[in-house]
Structure formats: structure tokens, C-alpha cells
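Residue-level structure breakdown
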Amino acid sequence: MTKGSPTITFRNLDRSPAIETAIHDRAELLYRMGGRIEQLQIVIEAANRTPDDRVQGLTVRVEMAVPGPDIVVTRIRPRVSGPDDVVQVVRDAMDTARRQLATRLSQRRAGRERRIA
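Residues numbered from 1 in each chain as written. Predicted model: local features only at pLDDT ≥ 70, side-chain atom pairs only at ≥ 80, totals over all residues. Heavy atoms only, no water.

1. Observations concerning the overall build of the protein
- Looking only at helices and strands, the protein features 2 helices and 4 strands.
- When the helices and strands of the protein are listed from N to C terminus, the series reads β-α-β-β-β-α.
- Going through the 117 residues of the protein one by one, you find that 38% of them count as buried.
- The long-range fraction of contacts in the protein, counting pairs at least 24 apart against all pairs at least 6 apart in sequence, stands at 56%.
- Split by element, the accessible area of the protein, about 7,100 Å² in all, is 46% carbon and sulfur. (Helix = DSSP H or I, 4+ residues; strand = E, 2+ residues; numbered from the N terminus. Buried < 20%, exposed > 50% of the residue type's maximum accessible area, 1.4 Å probe, protein only. Contact = heavy atoms within 4.5 Å. Areas by Shrake-Rupley, 256 points an atom, 1.4 Å probe, with all protein chains shown as cover.)

In C-alpha cells:
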């Protein structure tokens, strides 16, 4: 896996270009932050499917391997009305991971500044 290419896994759900595009767009933002991301995995899992093939329940898990403890974010949506809902849950999870990475980077910078002073 090269830098900037997350591992995307779909479980009980068909692959979707819209979902993959949303993931790649958010992943690019993460990699640009400079947090030495060693690995980025996103798992999108539909809990159940109805007889007419609609998704009931969705879990999105973002796992980011970085120096120190990994960043792991899980978002669960009990009802999904369409592909736009799936994309929104993916964006929410990845934005939360981005905020956690930003917090970690700012704490690391503050620690370095205290050692220098």
C-alpha cells in the first residue's frame, strides 16, 4: 500500500464509486496533515439487508496506524435510506479521525515547544 491509498473493505454491501470517492477525498486530507500515517483502513459494513436488498444498519470503522496509539473511530447508523446516507456516515467517521489526528499533532508540537523553552 502506498502513502495516500487507504484499504477499503465493504462487507454485506456492494462497492460504490461515490463511497470510494468520499473516502479517497478525506484520506487525501489526512495524509496532507503530515501525521506519519503508516496505514489507513476503512471498513463499511451493512448489518442486515431486507428482502428487497435495502441496507438496515451500517457501521463505518476507520483505523489509522500512526506513531503512538492507533486512532480508531466507529460510527453506527441504525437506519440507512440510501447511498447518500452511507457517504455521510463515512464522511462523519473520517472527519472525526481527522480531528483526533489534528489534536494529537498539536499536542506533540506543544510538547516539543516545552522541551525547547
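2. Observations regarding the nonpolar core
- Ranked by internal contacts, the top residues of the largest apolar core, which has 31 residues, are Leu-40, Ile-44, Val-60, Val-62, Met-64 and Met-94.
- Top contributing element to this core by residue count: helix H2 (residues 83-116), with 9 residues.
- Dropping the residues within four chain positions of it, Val-62 is found in contact with Leu-40, Gln-41, Ile-42, Ile-71, Val-72, Val-73, Ala-93, Met-94 and Ala-97. (Core = buried A, V, L, I, M, F, W, Y, C linked by side-chain atoms within 4.5 Å.)

3. A few points about unusual backbone geometry
- Even without being glycine, Asn-12 reaches a positive phi, approximately 60°.
- For Asn-12, the position within the fold is in the loop between strand E1 (7-11) and helix H1 (17-32).
- What makes Asn-12 partly exposed here is its relative accessible area of 48%.

4. Points about the pattern of salt bridges
- Under the criterion given, the structure shown has 6 salt bridges.
- The residue Arg-11 makes a salt bridge to Glu-45 at a minimum N-O spacing of 4.0 Å. Placement of the pair is Arg-11 in strand E1 and Glu-45 in strand E2 (residues 39-49), with a sequence separation of 34 residues.
- Since its relative accessible area comes to 43%, Arg-11 is described here as partly exposed.
- Assessed through its relative accessible area of 30%, Glu-45 is described here as partly exposed.
- Here Arg-15 and Glu-20 are joined by a salt bridge, their closest N and O atoms 2.9 Å apart.
- Exposure remark for Arg-15: the relative accessible area of 53% places this residue in the exposed category. (Salt bridge = Lys/Arg side-chain N within 4 Å of Asp/Glu carboxyl O.)

5. A look at H1
- Compared with an ideal rise of 1.5 Å per residue, which puts 16 residues at 22 Å, H1 spans 22 Å between its outermost C-alpha atoms and is within 8% of the ideal.
- Listed as buried for H1 are Ile-19, Ala-22, Ile-23, Ala-27, Leu-30 and Tyr-31. Projected down its long axis, H1 shows its buried positions confined to an angular sector of 165°, all on one face. Facing away from the buried side of H1 by over 90 degrees, the exposed positions are Pro-17 and Arg-32. (Expected span 1.5 Å × (residues − 1). Arc of directions from axis to C-beta.)

6. Notes on the environment of Thr-7
- The residue Thr-7 is located in strand E1 in this model.
- Under the relative-accessibility criterion, Thr-7 is labelled partly exposed at 30%.
- Between the alpha carbons of Thr-7 and Gln-39 there is a distance of 8.1 Å; along the sequence they are 32 residues apart.

7. Details of the environment of Ala-97
- The topology assignment puts Ala-97 in helix H2.
- Residue class for Ala-97 comes out buried when judged on its relative accessible area of 1%.
- Counting along the chain gives 36 residues from Ala-97 to Arg-61, while the straight-line C-alpha distance between them is 10.0 Å.
- Apart from the residues within four sequence positions on either side, Ala-97 is in contact with Leu-30, Val-62, Met-64, Ile-71 and Val-73.

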